[in-house]
Amino acid sequence: KIPLDPSPTELQFFCYKKSCNKSEKKLLLGQIKLSRSFIQSFEKGTGTQVISLDIPKNDTNNELSIDKSLRLTCKLDFDIDKQKYAHYLFNIFPEEILLHIFMFVDYQSLQNISLVNKQWNRLTRDHRLLYIMGKRAYRGADYISARKFYMSAANEGDDCSMDELGRMFQHGNGSEKNYELAFQWYMRAAKQGNASGMNDLGWCYEKGLGCEANAEKAAKWYLRSAESGNISGENNIGWCYQKGLGIPVDYKSAVKWYRKASEHGNSSGYNNLAWCYHQGLGVPQDYKMALKTYKRAAMLGNKYAQNTIGNMYFHGQGVEENLNRAIKWFERAAAQGHEAAKGRLAALREEMAEQNGDHCQ
């Protein structure tokens, strides 16, 4: 039974009685459950394992008499070398099931198997599997393995892996930062139609990472990314329209794209849309709608929205003045490193201490 979860906790094997009569229903003898830790333990060569077969409860089928006092067992002899283990796997399971099994075991075993079985070399050209293993290695902070998997997948034409390689080089995961290589991988991903790669390429053009800064090209790639459904691209092209970055200022278009980004759950989209309501850009000024939208962004952890909500409670914009609530929102923003919120908190505490006749530092 192959789990749909790409990161399952167990594999299940169901055992049936064989029948020569095709009209007879299969009789379930029991099932074996193999946990992730068990599978990974035999990969490390712990030797022969004997597993009890779980006999179904409430078995009313009289075609097979099972002595409940006995335990059917399945001997799993993994006291073998990797080559024999790999040979068994490749001959027993079809490729679509192998894909799930190798998603289940650790990626180090994949590398070991690839060295000892020719069929594995063919399977490792599956860019989907390589991308998945790259993601797993990256989540485990094994950046060297992640880069190898992504590189192999990218060489097989996987545009998502190209984009991930760009991020690794941009942020210096597993190596020093290399903006030129990041730019090159983003460009390859974008040219293959990867929406995230288009957005990342736009960011490089905007900030001059690995290339000369070019606002027009930044806006062009942000727009292509947004039109392809990328959430960050939607927010970023909205920013271009608001600020006139590479394209003429158009507040209504900015609101349109911020709204799309926010509808897709982007916290920056919510924050920027709220700012438009706050300042009356492309929409009538509406403090209450601004506050409501800022709170949506704040609930998603946006520190800028949290700080602005504090200011709105402090000044009474769209809500009655409430110093205690203002302080709570400033504290949330400050806890995430918002410098203005930290400064405002320090000033308020000093002011409150002076009113109470207390020294404060």
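Read on for a plain summary of the structure. (Residues numbered from 1 in each chain as written. Predicted model: local features only at pLDDT ≥ 70, side-chain atom pairs only at ≥ 80, totals over all residues. Heavy atoms only, no water.)

Time to look at the overall build of the protein. Tallying secondary structure elements over the protein gives 18 helices and four strands in all. Counting only residues that meet the buried cut, the protein has 40% of its 361 residues in that class. For the protein, the proportion of contacts with a sequence separation of at least 24, taken over those separated by at least 6, is 47%. A total of about 20,500 Å² of accessible surface is found on the protein, and carbon and sulfur atoms cover 49% of it. (Helix = DSSP H or I, 4+ residues; strand = E, 2+ residues; numbered from the N terminus. Buried < 20%, exposed > 50% of the residue type's maximum accessible area, 1.4 Å probe, protein only. Contact = heavy atoms within 4.5 Å. Areas by Shrake-Rupley, 256 points an atom, 1.4 Å probe, with all protein chains shown as cover.)

Further remarks concern the packing of helix α6 (residues 127-139) against helix α8 (residues 159-171). Running from N to C, α6 and α8 cross one another at 25 degrees; their axes reach a closest spacing of 10 Å. The angle between the axes of α6 and α8 places the two elements in the roughly parallel class. When the axes of α6 and α8 are compared, the crossing they make is left-handed. In this structure, α6 contributes Tyr131, Lys135 and Tyr138 to the contact, and α8 contributes Cys160, Ser161, Glu164 and Met168. (Axes fitted to C-alpha atoms, helices over the stretch in contact; angles between N-to-C directions. Parallel < 35°, antiparallel > 145°, perpendicular 65-115°, else oblique. Left-handed = near helix turned anticlockwise from the far one by under 90°.)

Turning next to helix α9 (residues 179-191). If you check α9, its first and last C-alpha atoms are 18 Å apart, about what 13 residues at 1.5 Å a residue would give, namely 18 Å. Taken residue by residue, α9 has Ala182, Phe183, Trp185, Tyr186, Met187, Ala189 and Ala190 as its buried positions. Those residues of α9 that are buried are in contact with α7 (143-155), α8, α10 (195-207) and α11 (215-227). The distance from a side-chain oxygen at the start of α9 to the backbone nitrogen of Glu180 is 3.3 Å, and the residue carrying that oxygen is Asn178. Of the residues trailing α9, Gly193 is marked for its positive phi of about 90 degrees. (Expected span 1.5 Å × (residues − 1). Polar contact = N/O pair within 3.5 Å; in protein donor to acceptor, adjacent residues only side chain to side chain.)

Bringing unusual backbone geometry into the picture now. The phi dihedral of Ala141 falls on the positive side, at around 65 degrees, and the residue is not glycine. Relative to the elements of secondary structure, Ala141 occurs in the loop between α6 and α7. The exposure class of Ala141 is partly exposed, given its relative accessible area of 47%.

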